[in-house]
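Coordinate inspection notes
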Amino acid sequence: MSILKRKKKPGGNKAEVEAEGYALPVRFGPEMRVLIIGGGIAGLTLAGLLQQRGFKPRVVERIPEYGKVGYIIVLWPSGGRVLKGLGLYRDLIETGLPFSTYNVWNEKGEMLRSYSVDEVSEKYGPMISIYRSELISILRKNINSESLTMGVTVEKIHQTPDEAIVTFSDGTEESFDLVVGCDGVRSRTRSLVFGDVPLSYSGMRGWSFWLKSGISKSAQIAEYWGTGKFLGIWPTRNRLSVFTCIRSPRGAPDPVENRLDHIRQHFSEFGGIVPEVLAGLEDPGDIFHDEYCDLRMDEWYKGRVVLVGDSAHAVLPTAGGGVSMAIESAAVLADELSRADSKYISHALEAYVVRRRPRVNKVQDQSRMMGKVAFADSRAVSILRNLVMRFYSSRLHLKYWDDLLKEPI
Ligand SMILES: Cc1cc2nc3c(=O)[nH]c(=O)nc-3n(C[C@H](O)[C@H](O)[C@H](O)COP(=O)(O)OP(=O)(O)OC[C@H]3O[C@@H](n4cnc5c(N)ncnc54)[C@H](O)[C@@H]3O)c2cc1C
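Residues numbered from 1 in each chain as written. Predicted model: local features only at pLDDT ≥ 70, side-chain atom pairs only at ≥ 80, totals over all residues. Heavy atoms only, no water.

**Describing the overall build of the protein chain**
Scanning the protein chain for helices and strands turns up 13 helices and 22 strands. Whereas a compact globule of 409 residues would reach a radius of gyration of roughly 22 Å, the protein chain reaches 23 Å, a difference of no more than 12%. Seen through its C-alpha atoms, the protein chain measures out along the principal axes to roughly 75 × 45 × 35 Å. Sorting the 409 residues of the protein chain into buried and exposed places 54% on the buried side. Here the protein chain has roughly 18,700 Å² of accessible surface; of this, 53% comes from carbon and sulfur atoms. Across the protein chain, the mean location of the 54 positive side-chain charges is 3 Å away from that of the 49 negative side-chain charges. (Helix = DSSP H or I, 4+ residues; strand = E, 2+ residues; numbered from the N terminus. Rg over C-alpha atoms; globule rule 2.2 N^0.38 Å. Buried < 20%, exposed > 50% of the residue type's maximum accessible area, 1.4 Å probe, protein only. Areas by Shrake-Rupley, 256 points an atom, 1.4 Å probe, with all protein chains shown as cover. Lys, Arg positive; Asp, Glu negative; His and termini not counted. Charge placed at Lys NZ, Arg CZ, Asp CG, Glu CD.)

Below you can see the structure in the form of structure tokens.
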């Protein structure tokens, strides 16, 4: 005997399934009503994967249109694999730049070590650097445009046992079986549902900018490690971006008009190609400043609201894993939702957390540790670090990547 009976939805023409003994109407897998808040990397990946599985998620993005913001981000092969599944990998490799080598120098411009990632790429696929807004454009290609509403955010989320009722900034209200917060490190979804969850400040802040001219285009990453200071030059196709970092207390003022002077002062003793980089700085308005934080939360879901990507587990930029972690998490959630239903949704959300947490914790730990090494703030420690770097062999480097990339997500 079937445990299911068909029930006509009052006023609607679509039959819903109600299981005997269930107090609620149940929607299975793709029938579930899913809202994704934030159309960034995690949100667009999740929307694409859910649409592939027949879901009809709704995505709301706060900004009215995608601009040319952001700099270079790096996608590990584990993130790239998800784009293979989305049918977007060809676009990724044609737009981004696979890189093979990164060179580490001390502040004087003496090379400490040159690392090749060729063996890693040979085994798992390339590491790809790409301009963030180009990655957004690629991910958007897959999204049904009707599902994406720009210029809208959430004002209120009210949860009952059977649904989440969302009030949007345009005054409309809608009910969902699941709300997914993909709205980044300063997530509004998180503060609405989980209250004030503090970000952990790393003690480091810095500036990012594009190099406009003067530097010959290079396919190699160059990082300059000083004492409590770091300057990295990252190429992607036809572009070079610079990422800088200094140790500093939280909330130090950073007036735009003084930015050029500040950056030049902080890195005045750096050698190599850094003087050329600093001489090429022109418009302080084009320079982005940020305080580098990560986020560790005890819970990633509450009732019918779940967080994915930076909103749940922002990673320090030091290991370059934030984007890949966000994409992997979106893939795991899509996978779990594809075998879920609206009644037992907490089971799917718990499985998502169980699958993701150990790996995310590991990458967050590594990013913190790398921050301590690359941005060592005592002269003695940075001298010791530079010495040890000479013994950090390519074999150890390969093992680091192997451990990360062979792990199933
Ligand atoms: C504009 C921008 C530029 C960036 N540039 C770089 C970079 O150059 N290099 C780098 O390594 N990382 C950069 N990042 C961070 C990087 O993209 C993320 O760390 C990573 O991709 C994790 O993805 P995510 O989807 O969790 O978060 P994000 O990629 O940050 O996406 C969050 C999305 O949610 C939207 N959003 C935020 N609040 C709301 C709200 N209340 N309602 C609806 N939508 C909302 C945002 O506009 C954004 O589209 C940038 C992020 C942003 C938003």
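Okay, back to it.
**So, unusual backbone geometry**
Of note, the phi angle at Asn 238 is positive, near 60°, even though the residue is not glycine. Along the chain, Asn 238 falls in the loop between strand E18 (229–236) and strand E19 (239–247).

**Concerning the sheet that holds strand E7 (residues 97–99)**
Overall, antiparallel pairing links the three strands, which are arranged E6-E10-E7 in an open sheet. Among the strands making up the open sheet, the edge pair consists of strand E6 (72–75) and E7. Between one strand axis and the next, the sheet turns by 35° as a mean value, whatever way the strands run. Of the strand pairs in this sheet, E7 and strand E10 (residues 127–131) are connected by three bridges, and their pairing is antiparallel. (Pairing = 2+ DSSP bridges. Axes fitted to C-alpha atoms, helices over the stretch in contact; angles between N-to-C directions.)

**Considerations on the pattern of salt bridges**
Summed over all chains, the structure comprises 24 salt bridges. Across the salt bridge formed by Asp 254 and Arg 259, the nearest N and O atoms sit 2.7 Å from each other. Of the two residues examined, Asp 254 and Arg 259, each falls in the buried class. Arg 359 is the salt-bridge partner of Glu 407, the closest N and O atoms lying 2.8 Å from each other. On the criterion of sequence distance, the pair formed by Glu 407 in the segment after helix H13 (394–406) and Arg 359 in helix H11 (residues 345–374) is long-range, its members being 48 residues apart. What makes Arg 359 buried here is its relative accessible area of 3%. Shared partners join several salt bridges into a network, and the residues in it are Glu 328, Arg 356, Arg 359, Lys 362 and Glu 407. (Salt bridge = Lys/Arg side-chain N within 4 Å of Asp/Glu carboxyl O.)

**Thoughts on the packing of helix H1 (residues 41–52) against helix H10 (residues 322–337)**
Two elements in contact, H1 and H10, have axes separated by 9 Å at closest approach and are oriented at 30°. In terms of axis orientation, H1 runs roughly parallel to H10. The two elements H1 and H10 meet at a crossing, and its hand is right-handed. Listed contacts from H10 to Ile 41, Ala 42, Thr 45, Leu 46, Leu 49 and Leu 50 of H1 are Val 323, Ala 326, Ile 327, Ala 330, Ala 331, Leu 333, Ala 334 and Leu 337. Counted by class, the contact of H1 with H10 contains 13 nonpolar, one polar and no charged residues. (Parallel < 35°, antiparallel > 145°, perpendicular 65-115°, else oblique. Left-handed = near helix turned anticlockwise from the far one by under 90°. Contact = heavy atoms within 4.5 Å. Nonpolar A, V, L, I, M, F, W, Y, C, P; charged D, E, K, R; others polar.)

**Considerations on the sheet that holds strand E13 (residues 164–168)**
A sheet is described by the order of its strands in space; here three strands give the open sequence E12-E13-E14, paired in antiparallel fashion. The open sheet has two free edges, formed respectively by strand E12 (154–159) and strand E14 (173–176), since each of these has just one partner strand. In this sheet, adjacent strand axes meet at a mean angle of 20° when their direction is disregarded. Of the strand pairs in this sheet, E13 and E14 are connected by four bridges, and their pairing is antiparallel. Its bridge partner being in E14, Thr 167 is matched across the sheet by Glu 173.

**Examining the environment of Val 274**
Position of Val 274 relative to the elements: it lies in helix H8 (residues 274–279). With 43 residues separating them in the primary sequence, Val 274 and Leu 231 have C-alpha atoms 8.1 Å apart. Those residues in contact with Val 274, other than ones at most four positions away along the chain, are Tyr 224, Leu 231 and Phe 267.

**Quick notes on the pairing of E12**
In this structure, E12 lies alongside E13, joined through five bridges in antiparallel fashion. Each residue of the ladder has a partner; that of Ile 157, found in E13, is Val 166. In textbook terms, the turn of a hairpin is the stretch between consecutive antiparallel strands, and for E12 and E13 this stretch comprises four residues.

**Examining the site of the ligand**
The full set close to the ligand counts 25 residues, and Ala 42, Glu 61, Tyr 71, Thr 153 and Asp 310 are the nearest of them. Here Glu 61 contributes a side-chain N or O atom positioned 2.6 Å from an oxygen atom of the ligand. Within the side chain of Arg 132, a nitrogen or oxygen atom sits 2.8 Å from an oxygen atom of the ligand. Surface burial for the ligand is 79%, taken as the share of its 910 Å² of free accessible area covered by protein chains. Looking at the shell around the ligand, the elements that each hand over two or more residues are H1, strand E5 (58–61), E6 and H10. Looking at side-chain class alone, the shell around the ligand contains 12 nonpolar, seven polar and six charged residues. (Near = heavy atom within 4 Å. Polar contact = N/O pair within 3.5 Å; in protein donor to acceptor, adjacent residues only side chain to side chain.)

**Observations regarding the state of the cysteines**
Under the counting rule described, the total for this entry stands at zero disulfides. The thiol of Cys 293 is not disulfide-bonded; the next cysteine sulfur, from Cys 245, is found 11 Å away. (Disulfide = S-S within 2.5 Å.)

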